[in-house]
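# What the coordinates show
Here's the letter readout for the chains.
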Amino acid sequence: YLVRAMPLKDSNGNIVKWYGTNNDVHHQKELEKQKDNFLGIASHELKTPVTSLKAYAQVLESMFKRSGDFKNADLLSKMNKQVDRLTKLISDLLDVTKINSGRLQFNNTEFDFNEMVEEVVEDVQRTSFRHIIKKDLHFNKMVFGDRDRICQVITNLLTNAVKYSPEANQVIIYTENDHDNVKVCVQDYGIGISPALQDQVFEQFYRVSGSKEHTFPGLGLGLYISSEIVKRLGGKIWVNSVEGKGSTFGFSIPVLKD
Ligand code: ADP
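A few points on the structure.

Rules of the game
Residues numbered from 1 in each chain as written. Predicted model: local features only at pLDDT ≥ 70, side-chain atom pairs only at ≥ 80, totals over all residues. Heavy atoms only, no water. Helix = DSSP H or I, 4+ residues; strand = E, 2+ residues; numbered from the N terminus. Rg over C-alpha atoms; globule rule 2.2 N^0.38 Å. Buried < 20%, exposed > 50% of the residue type's maximum accessible area, 1.4 Å probe, protein only. Contact = heavy atoms within 4.5 Å. Areas by Shrake-Rupley, 256 points an atom, 1.4 Å probe, with all protein chains shown as cover. Lys, Arg positive; Asp, Glu negative; His and termini not counted. Charge placed at Lys NZ, Arg CZ, Asp CG, Glu CD. Near = heavy atom within 4 Å. Polar contact = N/O pair within 3.5 Å; in protein donor to acceptor, adjacent residues only side chain to side chain. Nonpolar A, V, L, I, M, F, W, Y, C, P; charged D, E, K, R; others polar. Core = buried A, V, L, I, M, F, W, Y, C linked by side-chain atoms within 4.5 Å. Expected span 1.5 Å × (residues − 1). Axes fitted to C-alpha atoms, helices over the stretch in contact; angles between N-to-C directions. Parallel < 35°, antiparallel > 145°, perpendicular 65-115°, else oblique. Left-handed = near helix turned anticlockwise from the far one by under 90°.

Counting its regular elements, the protein contains 5 helices and 9 strands. Relative to the compact-globule value of 18 Å for 258 residues, the protein shows a C-alpha radius of gyration of 23 Å, a clear excess of over 25%. Taking the principal axes of its C-alpha atoms as reference, the protein extends roughly 85 × 50 × 40 Å. Sorting the 258 residues of the protein into buried and exposed places 38% on the buried side. Within the protein, contacts between residues separated by at least 24 positions form 65% of all contacts whose residues are at least 6 apart in sequence. Carbon and sulfur atoms make up 54% of the accessible area of the protein, which amounts to about 16200 Å² in all. Taken as two groups, the 33 positive and 33 negative side-chain charges of the protein have centres that lie 4 Å from each other.

Looking now at the site of the ligand. Neighbouring the ligand are 20 residues, the closest being Asn160, Tyr164, Asp188, Arg207 and Leu223. A distance of 3.2 Å separates an oxygen atom of the ligand from a polar atom in the backbone of Leu219. Coverage of the ligand by the protein amounts to 96% of the 530 Å² it exposes when considered alone. When residues of the shell around the ligand are traced back to their parent elements, those giving at least two are helix 4 (147-163), helix 5 (222-232) and strand 9 (246-254). Ranked by the residues each element gives to the shell around the ligand, the list is headed by helix 4, at 3 residues. For the shell around the ligand, the residue count by class is 11 nonpolar, 6 polar and 3 charged.

Within the fold, Ile132 resides in strand 4 (residues 131-136). Overall, the relative accessible area of 6% leaves Ile132 in the buried class. Sequence separation between Ile132 and Gln187 is 55 residues; the distance between their C-alpha atoms is 9.9 Å. Residues within four places of Ile132 in sequence aside, it is in contact with Val121, Val124, Gln125, Leu158, Val171 and Ile173.

Further remarks concern the nonpolar core. By size, the foremost hydrophobic cluster in this structure holds 44 residues, and its most contacted members are Phe113, Met116, Ile150, Ile154, Leu158, Ile173 and Phe251. Taken together, the elements giving at least two residues each to this core come down to helix 2 (70-100), helix 3 (113-126), helix 4, strand 6 (170-177), strand 7 (181-188), helix 5, strand 8 (236-242) and strand 9. The element best represented in this core is helix 4, accounting for 8 residues. Contacts of Ile154, omitting those with residues within four sequence positions, involve Met116, Val117, Val120, Ile173, Val184 and Phe251.

A word on helix 1 (residues 25-66). For helix 1, which comprises 42 residues, the first-to-last C-alpha distance of 61 Å matches the rise-based estimate of 62 Å (1.5 Å per residue) to within 8%. Taken as a whole, helix 1 has its buried residues at Asp36, Leu39, Gly40, Ser43, Val50, Lys54, Ala57 and Glu61. The inward-facing, buried residues of helix 1 abut helix 2.

Between helix 2 and helix 5, the least distance of the axes is 10 Å, while the angle of their chain directions is 45°. Judged by the inter-axis angle, helix 2 sits oblique to helix 5. Two packed elements cross with a definite hand, and for helix 2 against helix 5 that hand is left-handed. Taken together, the residues of helix 5 that come into contact with helix 2 (itself represented by Asp92, Asp95, Val96, Ile99 and Asn100) are Gly222, Tyr224, Ile225 and Glu228. Considering only residue class, the contact of helix 2 with helix 5 consists of 4 nonpolar, 2 polar and 3 charged.

Below you can see the structure in the form of structure tokens.
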């Protein structure tokens with residue numbers, strides 16, 4: 001229990017009553033657990049209908065395309081993009097509940113790191129107006145790890161770089177490796193983050209507020225999930241940023257196999 005009490009005194013200064021509050025920490029923990037449980041169930045339940053919605057929308061889009069009805073095909077394509085956003089939000093919520101309850105699982109395989117990065121870049125480039133430039137410094141590596149989870153981290157960093165640089169026209173991704181680690185850095189020329197807030201961006205639900213010119217959508221989960229994944233893989237994640245000039249987010253993970 002956390003207890004706080006305040007005395008109520010009479011005109012002579014004698015204590016006549018104590019006012020108190022107590023905080024039952026166990027109760028709070030139980031509530032947290034229930035909240036996480038609920039988030040887990042809710043996001044799981046939301047996932048199923050959204051997955052069918054996506055399948056129907058895709059079928060409809062290709063039907064309209066085939067019949068030459070481009071006006072409706074365009075509408076369906078817009079709908080597909082929104083369904084993708086919804087899917088991403090739901091799967092981020094689901095990941096957070098998995099992380100918080102220690103149920104985030106990893107599925108490790110051997111894969112070509114460079115090929116994986118190229119795939120992610122191509123994927124993010126498809127929905128982005130910013131030109132994504134890929135530079136390989138010293139790279140030629142087969143690695144052993146969870147390919148999908150590493151893809152997820154790079155996708156998060158790249159989509160953030162694009163999202164938080166509304167006036168720049170390019171984003172750069174560097175990959176590098178030495179004997180023990182692979183390193184990925186994503187550099188943007190965007191809004192940047194003030195030094196005081198740079199550590200906090202990796203916290204759950206944290207979002208930098210107060211940007212007046214632009215409002216950026218999001219739940220504040222991407223960097224938290226990314227940092228948890230990188231930590232679980234035995235690596236490190238960091239940011240270097242100058243407000244108004246841009247940011248470089250980077251991570252490095254140990255190479256488990258040569
Ligand atoms: P979201 O983008 O959904 O808010 P994230 O966890 O990915 O969540 O990021 C947390 C916060 O960190 C963002 O709200 C934003 O304020 C800041 N941020 C992340 N990436 C960048 C970036 N490349 N440039 C500037 N700010 C960023």
